[in-house]
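Understanding the architecture of this molecule
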Amino acid sequence: KVEVYNGGNMIYAFTQTGGIWSSSTGSAYHFVDINERMTNIAVIVTPIYDVVADDEILFQVGSSYNMYNDIMVKSMPRFVASMLILVISISLIVYYHFMKKKLEIGEELIYLGYFSLFIGLWTFMETDVITLIFKNKIVEVVVPYLCLMFVIPPFVLFFHCYLKFKNEWIKNIIITMSSLELIVLSFLHFTKIAEYRETLPYVHLMIFIATIYVVVGVVIKMINKNYTRRVEVCVVGLTLFAFGVIFDIVSYYKRIGDSDQLGRYLFLVFLVLLAWDLLKGTYEFIEKGRRAK
């Protein structure tokens, strides 16, 4: 919560929480109008969650228009990258539903569509552009965390189908754990016992477990010298994506604001590689059918 006083008189307040949805006030930039006659400005910041009590707070002084414009301009490339991820993911989902019977498309395409959709929504909601434009507490403090939890099942299912992993029981365990995590953390959040922001490390852990499952599967494929085109695509894409994730997680725990500096760009490259490979495979299947006919 933020309260600003001048000489004992309140000139700005931002204290409204998300009500039943969250105890948080959400993410926001606070623009407080001051002038040369205000000689004693006091800013009182009260953290909602203990886990953010030691976070750095950035203060800027200047023209509100210039500051607003500067934030928007710096965030725009990340905003556009997130938009592209959303457009590609929605296109894949629509393409699958319209063409699955006609072309006998495998389920990995729809899993990729939903996997990238949740990643795209999460990165989209985390941009400074959205922080400046939206003041909806549900959007700010609920949707991004749900996206991070929803992304795990289609992520695991996609790579399981795409790379034809054999370990059904490991896949089922991870998906079950992810589903239970969603139920338990949602219960804790809406009962206000421990909200999504406070249980985020458990979500990070679940994502880490799912990623290890995929990476180990790819490594086993390479050890067995099963060098298919799909394995090669995953080696290149996962290497880029893993680098971006590590960089951004370190940034998340060290800085304020939009910490997703690199991951969305590398994921966009990875998504294009995967979509291109799947659609190329579909085209080759059609071409074989045409030749056979």
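Everything discussed here concerns the structure shown above.
Residues numbered from 1 in each chain as written. Predicted model: local features only at pLDDT ≥ 70, side-chain atom pairs only at ≥ 80, totals over all residues. Heavy atoms only, no water.

1. Things to note about the packing of aromatic side chains
Inclusion rule: Only Phe, Tyr and Trp rings are paired, with Trp represented by its six-membered ring, and only when their centres lie within 6.5 Å; those with planes under 30 degrees apart are stacked, over 60 edge-to-face, the remainder tilted. Strands are runs of DSSP state E lasting at least two residues, helices are runs of H or I lasting at least four, and both sets are numbered from the N terminus onward. With a 1.4 Å probe rolled over the protein chains alone, any residue whose accessible area is under 20% of its type maximum counts as buried; one over 50% counts as exposed, and the rest are partly exposed.
The tally for this structure, following the rule as stated, stands at 15 aromatic pairs. Centre to centre, the rings of Phe-115 and Phe-267 are 5.5 Å apart; their planes meet at 80 degrees, and the pair counts as edge-to-face. In this pair, Phe-115 sits in helix H2 (residues 108-125) while Phe-267 sits in helix H10 (residues 263-292), placing the two residues 152 residues apart along the sequence. As far as the burial class goes, Phe-115 and Phe-267 line up, both buried. Pairwise contacts between aromatic rings join Phe-115, Phe-155, Phe-158, Phe-159, Tyr-162, Phe-267 and Phe-270 into one cluster.

2. Describing helix H7 (residues 168-190)
Test applied: A helix is expected to reach a length of 1.5 Å times the quantity of its residues less one.
The end-to-end C-alpha distance of H7, which contains 23 residues, comes to 33 Å, matching closely the 33 Å that a straight helix rising 1.5 Å per residue would cover. If you check which residues of H7 are buried, you get Lys-171, Ile-174, Ile-175, Ser-178, Glu-181, Leu-182, Leu-185, Ser-186 and His-189.

3. Thoughts on the nonpolar core
Heads up, the rule is: The nonpolar core is taken to be a set of buried Ala, Val, Leu, Ile, Met, Phe, Trp, Tyr and Cys residues, with the residues joined through side-chain atoms within 4.5 Å. When checking whether two residues touch, look at their non-hydrogen atoms; a contact exists if any pair is within 4.5 Å.
Counting 53 residues, the largest nonpolar core has Leu-112 and Phe-159 as the members making the most contacts within it. Per element, the largest residue contribution to this core is ten residues, and it comes from H2. Not counting the four nearest positions on each side in its chain, Leu-112 is found in contact with Leu-92, Phe-158, Leu-271, Leu-274, Ala-275 and Leu-278. Membership of the second largest hydrophobic core comes to ten residues, among which are Val-141, Val-142, Met-149 and Leu-185.

4. Digging into the environment of Lys-221
Applied cut-off: Whenever two N or O atoms come within 3.5 Å, that pair is a polar contact, provided that in protein one can donate a hydrogen and the other can accept it, and provided that, for residues adjacent in sequence, both atoms are side-chain atoms.
Here Lys-221 shows up in helix H8 (residues 200-223). In this structure, the C-alpha to C-alpha distance between Lys-221 and Leu-238, residues 17 residues apart in sequence, is 14 Å. Polar side-chain contacts of Lys-221 include one of 2.8 Å to the backbone oxygen of Leu-163.

5. Description of the packing of helix H6 (residues 152-162) against H8
The line we're drawing: Here an angle of 0 to 180 degrees is reported between the N-to-C directions of two axes, which are lines fitted to C-alpha atoms, with helices fitted over the stretch in contact. Oblique is the label for every angle not falling under 35 degrees (roughly parallel), over 145 degrees (roughly antiparallel), or within 65 to 115 degrees (roughly perpendicular). We call Asp, Glu, Lys and Arg charged. Ala, Val, Leu, Ile, Met, Phe, Trp, Tyr, Cys and Pro are nonpolar, and the rest, Gly among them, are polar.
At a closest axis distance of 10 Å, the pairing of H6 and H8 adopts a crossing angle of 0 degrees. The pairing of H6 with H8 is recorded here as roughly parallel in orientation. The residues of H8 that touch H6, namely those facing Ile-152, Phe-155, Val-156, Phe-159 and His-160, are Met-206, Ile-207, Ala-210, Thr-211, Tyr-213 and Val-214. Within the contact of H6 with H8, the residues separate by chemical class into nine nonpolar, two polar and no charged.

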